[in-house]
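# Descriptive structure summary
So you can see what is in the structure, the chains are spelled out below.
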Amino acid sequence: MSFLTLPTYEDVAAAARTLDGHAHRTPVLSSRTANEELGAELFFKCENLQRMGAFKFRGAFNALSRFTESQRRAGVVAFSSGNHAQAIALAARLLGMPATIVMPRDAPAAKVAATQGYGGQVVFYDRYTEDREQIGRDLAERHGFTLIPPYDHPHVIAGQGTAAKELFDEVGPLDALFVCLGGGGLLAGSALATRALAPACKLYGVEPEAGNDGQQSFRSGAIVHIDTPQTIADGAQTQHLGQITFPIIRRDVDDILTASDAELVEAMRFFFTRMKLVVEPTGCLGFAAARGMKDRWRGLRVGVLISGGNVDLPRFAELLAPRVST
Ligand SMILES: *Cc1c(COP(=O)(O)O)cnc(C)c1O
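All of the points below concern the structure found in this document. (Residues numbered from 1 in each chain as written. Predicted model: local features only at pLDDT ≥ 70, side-chain atom pairs only at ≥ 80, totals over all residues. Heavy atoms only, no water.)

Attention now moves to the overall build of the protein. Scanning the protein from N- to C-terminus turns up 14 helices and 10 strands. A globule of 326 residues ought to have a C-alpha radius of gyration of about 20 Å, and the protein, at 19 Å, matches this closely. Seen along its three principal axes, the alpha-carbon backbone of the protein occupies a region of about 55 × 45 × 40 Å. The proportion of buried residues among the 326 residues of the protein is 57%. Of all intrachain contacts in the protein linking residues separated by at least 6 positions in sequence, the fraction that spans at least 24 positions is 74%. Carbon and sulfur atoms provide 50% of the accessible area of the protein, an area that totals close to 13,600 Å². When the 33 positive and 35 negative side-chain charges of the protein are each reduced to one mean point, those points stand 5 Å apart. (Helix = DSSP H or I, 4+ residues; strand = E, 2+ residues; numbered from the N terminus. Rg over C-alpha atoms; globule rule 2.2 N^0.38 Å. Buried < 20%, exposed > 50% of the residue type's maximum accessible area, 1.4 Å probe, protein only. Contact = heavy atoms within 4.5 Å. Areas by Shrake-Rupley, 256 points an atom, 1.4 Å probe, with all protein chains shown as cover. Lys, Arg positive; Asp, Glu negative; His and termini not counted. Charge placed at Lys NZ, Arg CZ, Asp CG, Glu CD.)

A few words now on the environment of N35. Considering the arrangement of structural elements, one finds N35 in helix α2 (residues 32–38). Excluding anything up to four places from it in sequence, N35 contacts A40, E41 and L42.

Let's shift gears to the packing of helix α3 (residues 56–65) against helix α5 (residues 83–95). Relative orientation of the contacting elements α3 and α5 amounts to 45°, with a least axis distance of 8 Å. In terms of orientation, α3 and α5 fall into the oblique class. Once α3 is placed against α5, the crossing between them reads as right-handed. Between α3, through K56, F57, A60, F61, L64 and S65, and α5, the contact on the second element is made entirely by N83, H84, A87, I88, L90, A91, A92, L94 and L95. Looking at side-chain class alone, the contact of α3 with α5 contains 11 nonpolar, three polar and one charged residues. (Axes fitted to C-alpha atoms, helices over the stretch in contact; angles between N-to-C directions. Parallel < 35°, antiparallel > 145°, perpendicular 65-115°, else oblique. Left-handed = near helix turned anticlockwise from the far one by under 90°. Nonpolar A, V, L, I, M, F, W, Y, C, P; charged D, E, K, R; others polar.)

On to α5. Under the 1.5 Å per step criterion, the end-to-end length of α5 is 18 Å for 13 residues, consistent within 8% with the ideal 18 Å. Across the 13 residues of α5, 11 count as buried, placing the element largely inside the fold. Listed in full, the buried residues belonging to α5 are N83, H84, A85, Q86, A87, I88, A89, L90, A91, A92 and L95. For α5, the secondary structure elements touched by its buried residues are α3, α4 (69–74), β3 (76–79), β4 (99–104) and α6 (109–117). One or two positions beyond α5, positive phi appears at G96, with a value near 70°. (Expected span 1.5 Å × (residues − 1).)

Listed below in structure tokens is the structure:
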């Protein structure tokens, strides 16, 4: 691990040039109702409106763009049942290379179909008896594929950082920024952008209350591993931070906060009814935590990164059904 070189803001700036014309420059929205509720001026960076529905396209496209010619010819392999799978499949298709995605046999049919729809070759495994990382490594070895992990990779982190970079480029410095946290690719990339573009901005990572390994790691100074947490935030059911994401987060982030599933549902309802935005549960983490700190930001400028919007309609309806009004 002593050879680890951490990505820097220069890598984020380079990723932004790579993504120009390929990723959407997603809108930054505001809400008078949210401003009144928090007594602050809020800026929502809407990565739910990114290509394939989440910021993960940024990291995937940036990483695949940096392949050598022979890596491109052989193609990429990734293991994921979520947004990373779709991001890799779409980026590979755009860059004209084959993509193999290792998914659990019981992955939601819609996610399998979406990944296949982007041209990804899906290889199934049994999540109870087989080790997906081992399968990924075996495929990589056998076929010469390059394995791209969902968060612990310098080019992935740099790509994810371009969302926060765009936010600061558009609205200028902020007093605080709230970012959803799973394995830490988005937060680490956001940290590089924040320390370069708005050094005084308070930066918070927000993870599900049921899986606060990031908070434990941040506060103890060593990466804490947990069992897969039970939470509706399926994009943040990670068991630990990464070897690259953790040192960046520890150095550049102010604190790690948590949000409960009930708070995530309330935030989803807010986004839908007030802002006409479909946001997946994981994408609500940042706003849920910002709401919990209400008076702290009175009169100040606060950024919230909405990370994704991929939620099946039946699931969305089920989560929002119990109560009708906000
Ligand atoms: C992957 C994902 C996250 C977590 O990102 P990390 O880089 O793993 O911390 C948050 N929200 C959504 C929608 C995601 O797909």
